[in-house]
Amino acid sequence: MIETEAYTAPKQRDLERWADDYGLTIPVLADPNGTQLWSYAADMGGSVGLPFTVILDKGVVIDSIASGSQESALVRRF
Amino acid sequence: MKLSALPLGILLLGCAGLFPEEADTAEPPGRPDRGGDADTDSDSDSDSDSDSDSDSDSDSDSDSDTDTDTGSGNDDDGDGLTNAAELELGTDPEDSDSDGDGVGDGEEVDQHSDPLDPDDFPYIGGWAKDACRDTVRGEGYSEGDVSTGWSLSDQFGQDVSLHDFCDRTIYMVFAAFW
């Protein structure tokens, strides 16, 4: 999570609430200010849509990066 | 989601379903269960055998409890799933953690993981740290690069490092709570 509904950096309680609200049973991480997001999006010319998806293989090699609505096509590939 | 098999912290122990059976078998060492012979009477507690009427009643009660425990509507292992549901799912009605992954069968069903797959269980913190993480060398953030490593805090307040997930396919989504 990069930002809360109040446009603030997420804290642990925000992550807990999000995981509870959506029934998420995967790691939910705080990326304050989108530091990691913007690192992965650096090649996209400053335009980023959410959700922003990154798929990495078992060697932690970045296989695919998708911005916004491209995500669904990316997921279908897998 | 597939996670590695870890000795995770949640262990749902059987409660209501187990205790009646334990009570039946919890005879002191060397004592027959319910033989009813003279030796047993003399060795046993005064509550259980010396008062013939009331004790025989309570014995029959415990027998009926045992019968009820094996009924399909009950939850013998106390994992939150009825015996009937467990039979339908293929899990063991007498084992609260059928796949032995440290998360009870009922919890796995609630969290949409497979109670029969030891490699599939809900994330509850304490992520596995594979040895491969020590050999991963980050290169950058572009497609084709070994991703630069980073560490972020999760919903349990624990730091999770990307390279700890090596040897798994990683699906990562950045989102906002709007």
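A. Seen up close, the overall build of chain A. When its secondary structure is counted, chain A shows three helices and two strands. Reading the helices (α) and strands (β) of chain A from amino to carboxyl end gives α-α-β-β-α. For chain A, the proportion of its 78 residues judged to be buried stands at 44%. At a minimum sequence separation of 6, the contacts of chain A that also span at least 24 residues come to 14%. For chain A, the computed accessible surface area is about 4100 Å², with 49% contributed by carbon and sulfur atoms.

B. The arrangement of the overall build of chain B in detail. Each helix and strand in chain B was counted, giving six helices and three strands. Of the regular secondary structure in chain B, the N- to C-terminal order runs α-α-α-α-α-α-β-β-β. By the burial criterion, 35% of the 178 residues in chain B qualify as buried. When the accessible surface of chain B is totalled, it reaches about 9700 Å², and 49% of it is carbon and sulfur.

C. View of the pattern of salt bridges. Per the counting criterion, the structure on display carries three salt bridges over all chains. The residue B:Asp164 makes a salt bridge to B:Arg133 at a minimum N-O spacing of 3.3 Å. Separated by 31 residues along the polypeptide, B:Asp164 in the loop between strand 2 (159–161) and strand 3 (170–174) and B:Arg133 in the loop between helix 6 (105–110) and strand 1 (151–153) bring together distant segments of the chain. Within this structure, A:Glu5, A:Asp14 and A:Arg17 form a network of salt bridges that share partners.

D. Here's a closer look at the interface of chain B and chain A. Contacts between the two partners involve 39 residues from chain B and, on the opposite side, 44 residues from chain A. Across the chain B/chain A interface, buried area totals approximately 3700 Å², and carbon plus sulfur atoms make up 64% of it. Contact with chain A buries area across many residues of chain B, yet B:Gln155, B:Phe174 and B:Phe177 alone supply 25% of it, more than any other trio. Applying the counting criterion to the chain B and chain A interface returns zero salt bridges. Where chain B touches chain A, the interface holds 18 residue pairs in polar contact (both at pLDDT 80 or more). The set of elements that each furnish at least two residues to the side of chain B that touches chain A consists of strand 1 and strand 3 of chain B.

E. Quick peek at the sheet that holds strand 1 (residues 52–56) of chain A. Taken in spatial order, the three strands of this open sheet run 2(A)-1(A)-3(B), and their pairing is antiparallel. The two strands at the open ends of the sheet, each matched to only one other strand, are strand 2 (62–67) of chain A together with strand 3 of chain B. Along the sheet, successive strands turn relative to each other by an average axial angle of 15°, direction set aside.

F. Inspection of the pairing of strand 2 of chain A at higher detail. Within strand 2 of chain A, five of the six residues are buried, which leaves it mostly tucked inside the rest of the structure. Here strand 1 of chain A folds back onto strand 2 of chain A in antiparallel fashion, the turn holding five residues, of which A:Val60 has a positive phi close to 65°.

Rules behind the numbers
- Residues numbered from 1 in each chain as written.
- Chains lettered and ligands numbered in written order.
- Predicted model: local features only at pLDDT ≥ 70, side-chain atom pairs only at ≥ 80, totals over all residues.
- Heavy atoms only, no water.
- Helix = DSSP H or I, 4+ residues; strand = E, 2+ residues; numbered from the N terminus.
- Buried < 20%, exposed > 50% of the residue type's maximum accessible area, 1.4 Å probe, protein only.
- Contact = heavy atoms within 4.5 Å.
- Areas by Shrake-Rupley, 256 points an atom, 1.4 Å probe, with all protein chains shown as cover.
- Salt bridge = Lys/Arg side-chain N within 4 Å of Asp/Glu carboxyl O.
- Buried area = accessible area lost by both parts, 1.4 Å probe.
- Polar contact = N/O pair within 3.5 Å; in protein donor to acceptor, adjacent residues only side chain to side chain.
- Pairing = 2+ DSSP bridges.
- Axes fitted to C-alpha atoms, helices over the stretch in contact; angles between N-to-C directions.

Remember that the coordinates give geometry; whether it matters functionally is a separate question.
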